[in-house]
Amino acid sequence: MTSASAPPKGNFLDRNHYLLRRLHSLTGVVPIGVFLIVHLVTNSSVVWGLLAHGDKGHAGVETFQHEVNFIHSLPALLLIEVFGLWLPIAFHSVLGVYYAMTARPNNKDYPYQDNWRYTLQRISGYVGVLFIFYHVATLRWGWTFLVPGGTQWTAEHAASTLAMALRGHETDVTLAGLMVAAFYMAGVSLLVFHLANGLWTAAITWGVTVSAAAQRRWGHVCLLIGAGLMLAAWSAVIGFMTLDPAEARQVELRMLAPESAPGTDP
Amino acid sequence: MTTAPVTNPQPRGAQRPRTIRFRIERCDGPGKPARWEAFDVPVEPGANVISCLQWIAANPVTIEGKRTTPVVWDSGCLEEVCGACTMRVNGRVRQSCTALIENLLAAGVTEVTLQPMSKFPVVRDLFVDRQRFFNDLKRAKAWVPIDGTYNLGAGPREKPADQAERYVLSTCMTCGCCLDACPQYKKEEDAKEWDQSFVGAAVISQVRLFNEHPTGAALKPERLDFMASIGGVSDCGNAQNCVKVCPKEIPLTESIAAIGRAVSIHRIKQFFGVRD
Ligand code: SF4
Ligand code: SF4
Ligand code: FES
């Protein structure tokens, strides 16, 4: 009988197989999942800001700009981004793709709903990696050559520049802009699914939900979380898609003005 | 004593036997190419896939009228308790002895396709070699250790509730349905790859069965180390096909979650140097 403490063989990945698998699961929930929730709530403020302060015409733009200003006022933002977001996302993506490549989907012979979730989780992972890369590269790292119209997103003009990136033009909606917006729609929808389904399976992976009844109950909760996030995600994309960049810019300039020239509010 | 007049026995059921077409994926041996052959089989009331295979064995003539070799299959109990006859019937893995033709027809099927299991090497035709599965059960130490040089005395007392929970797990007949339908379980022709590849739901469930056995629990740390290694419980992708195809309705996904939890606790204890 071999000893229980025999050191595991193989390369680094094999030796730390279990730890890496669990870290992969954990990073999906914290920080990435938590961030996605915060991010979608922030971005859908372009719609809920309007609903909350409906009496003011540009409340959506103002609320969103307010949220962005708050985020950009955080100290050591770049450090938070690198260690709290980009590295965990890169870790989750690289390992996720590596694990997903071991899958042998068989939905044709076993067309169960759970089996479709399984396959969709992997597809949404692949598409999600591409989408996040495009999203961060264009809007955060300023790779404007990938943006139709070449819009450069800035934190001071958060709503207007985002609207332009999604529309492809300042005054028009171009075909290329529509394609970017469609990619955003697909990207965020798949990522919301990936998170909701990931929350459901993480509870099994960690052994939180053991009985089939508990798995079902938690499944309903995840469905609700997913539906809420989906609503936020869609309203954000549609909200920015349908925003008039020129008007939004005026609102943003007005918000900037008191700082540069205090007391000269017209 | 009067003798009853001899009458021609009426076949059960009103209509005359129908003919059903069987398409069978055949293979002459390991490494040989697969080919398809079709047979028209008269179906008697109560027929199942095995009885049709027996008919084909007696009349190995394809629909083209070509005489061929009898189709080879494996079977034992013929009552869904040994698992030997497992194969893919119309794409879905199941026991062929309990695949009643009437039920297949009721499900709207007009032809029956038979294929060997997809995750194990074919020995011949529908007969596969499930060695790897048995090897994984050995790696899992799926037994109660009672061998020794002296009498161990009576076992510990059992709570009926614990016994009932284990009973259903103990009905596993190592048929391999849960492995064949699992999108994470890979076919490994090379035995050297066996200990790198996902072991599948049945083995995880057997780990739970023997860990929960009061005497079997002596080997729990070793079983959990095995479950934490590559190919262990963390390679499950939660597709939950396993639980849907298990003919014994074993709650495999509950076993997967229970072992996931046990391994997490086991690893945390190891990290802090606590003995299990
Ligand atoms: S739940 Fe796990 S073991 Fe069961 S079919 Fe899915 S991946 Fe395979
Ligand atoms: S768990 Fe079920 S499907 Fe899997 S081998 Fe055992 S009896 Fe067959
Ligand atoms: S012959 Fe034993 S299960 Fe079918």
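One can find the structure itself at the top, above this paragraph.
The following refers to the structure shown. (Residues numbered from 1 in each chain as written. Chains lettered and ligands numbered in written order. Predicted model: local features only at pLDDT ≥ 70, side-chain atom pairs only at ≥ 80, totals over all residues. Heavy atoms only, no water.)

Summing up its helical and strand segments, chain A has 10 helices and 0 strands in all. Taken over 266 residues, chain A has a buried fraction of 44%. Pairs at least 24 residues apart make up 67% of the contacts formed inside chain A by residues separated by at least 6 positions. Element-wise, carbon and sulfur atoms account for 72% of the exposed surface of chain A, whose accessible area totals about 14,200 Å². Positive and negative charge centroids in chain A, built from 15 and 15 side chains respectively, lie 21 Å apart. (Helix = DSSP H or I, 4+ residues; strand = E, 2+ residues; numbered from the N terminus. Buried < 20%, exposed > 50% of the residue type's maximum accessible area, 1.4 Å probe, protein only. Contact = heavy atoms within 4.5 Å. Areas by Shrake-Rupley, 256 points an atom, 1.4 Å probe, with all protein chains shown as cover. Lys, Arg positive; Asp, Glu negative; His and termini not counted. Charge placed at Lys NZ, Arg CZ, Asp CG, Glu CD.)

In terms of nonpolar packing, the biggest core is built from 46 residues, with B:V203, B:I204, B:M227, B:V233 and B:V263 touching the most fellow members. Counting only elements with at least two residues in this core, the list comes to α3 (131-139), α5 (177-180), α6 (201-211), α7 (220-228), α8 (241-245) and α9 (252-271) of chain B. Here this core takes 7 residues from α6(B), the largest share from any one element. Looking at which domains feed residues into this core, each of domain 1 (18-128) and domain 2 (131-147 + 157-271) of chain B supplies at least three. Dropping the residues within four chain positions of it, B:M227 is found in contact with B:V199, B:V203, B:I204, B:V207, B:G232, B:V233, B:S234, B:I259 and B:V263. Core analysis: the next-biggest nonpolar cluster, separate from the first, contains 40 residues, A:L36, A:L40, A:L139 and A:L229 among them. (Core = buried A, V, L, I, M, F, W, Y, C linked by side-chain atoms within 4.5 Å. Domains from an automatic or database assignment.)

Time to look at the site of ligand 2. Around ligand 2, 14 residues are found, and the nearest of them are B:C172, B:C175, B:G176, B:C178 and B:C246. Per-class residue counts for the shell around ligand 2 are 11 nonpolar, 2 polar and 1 charged. (Near = heavy atom within 4 Å. Nonpolar A, V, L, I, M, F, W, Y, C, P; charged D, E, K, R; others polar.)

Quick look at the interface of chain A and chain B now. Taken together, the 33 residues of chain A in the interface contact 37 residues of chain B. Here chain A and chain B share an interface that buries about 3,000 Å² over both sides, 49% of which is from carbon and sulfur atoms. Of all residues in chain A, the largest losses of buried area upon contact with chain B belong to A:Y18, A:Y110 and A:Y112, amounting jointly to 22% of the total for that side. Taken together, chain A and chain B are joined by 2 salt bridges. Between A:R21 and B:D235 there is a salt bridge, with its nearest N and O atoms 3.0 Å apart. Taken together, the links from chain A to chain B amount to 17 residue pairs in polar contact (both at pLDDT 80 or more). Breaking the side of chain A that touches chain B down by element, the ones donating at least two residues are α2 (17-43), α6 (113-139), α8 (175-205) and α9 (212-241) of chain A. With 5 residues, the top contributor of residues to the side of chain A that touches chain B is α6(A). Partitioned by chemical class, the residues of the side of chain A that touches chain B number 14 nonpolar, 11 polar and 8 charged. (Buried area = accessible area lost by both parts, 1.4 Å probe. Salt bridge = Lys/Arg side-chain N within 4 Å of Asp/Glu carboxyl O. Polar contact = N/O pair within 3.5 Å; in protein donor to acceptor, adjacent residues only side chain to side chain.)

Moving on, we come to the site of ligand 1. Within the structure, ligand 1 sits among B:C182, B:Q184, B:F198, B:A201, B:C236, B:G237, B:N238, B:A239, B:Q240, B:N241, B:C242 and B:I256. When its residues are assigned to classes, the shell around ligand 1 shows 7 nonpolar, 5 polar and no charged.

Every α-helix winds through 3.6 residues per turn, so residues three or four apart in the chain are directed the same way. Residues and elements named next belong to chain B. For α3, the complete set of buried residues consists of R132, F133, D136 and L137. When α3 is viewed along its axis, its buried side chains cluster within an angular range of 145° and face the same direction. As for α3, its buried residues are in contact with α5, α6 and α7. Looking one or two residues past α3, K141 carries a phi angle of roughly 50°, positive in sign. (Arc of directions from axis to C-beta.)

Here we take up the pattern of salt bridges. Residue and element names in this part refer to chain A. This structure, assessed with the given rule, holds 20 salt bridges over all chains. Where E81 meets R140, a salt bridge forms, and the shortest distance between an N and an O atom there is 2.6 Å. Of the two residues, E81 sits in helix α5 (residues 77-100) while R140 sits in the loop between α6 and α7 (158-167), which places them 59 residues apart along the sequence. Residue classification places E81 among the buried positions, given a relative accessible area of 12%.

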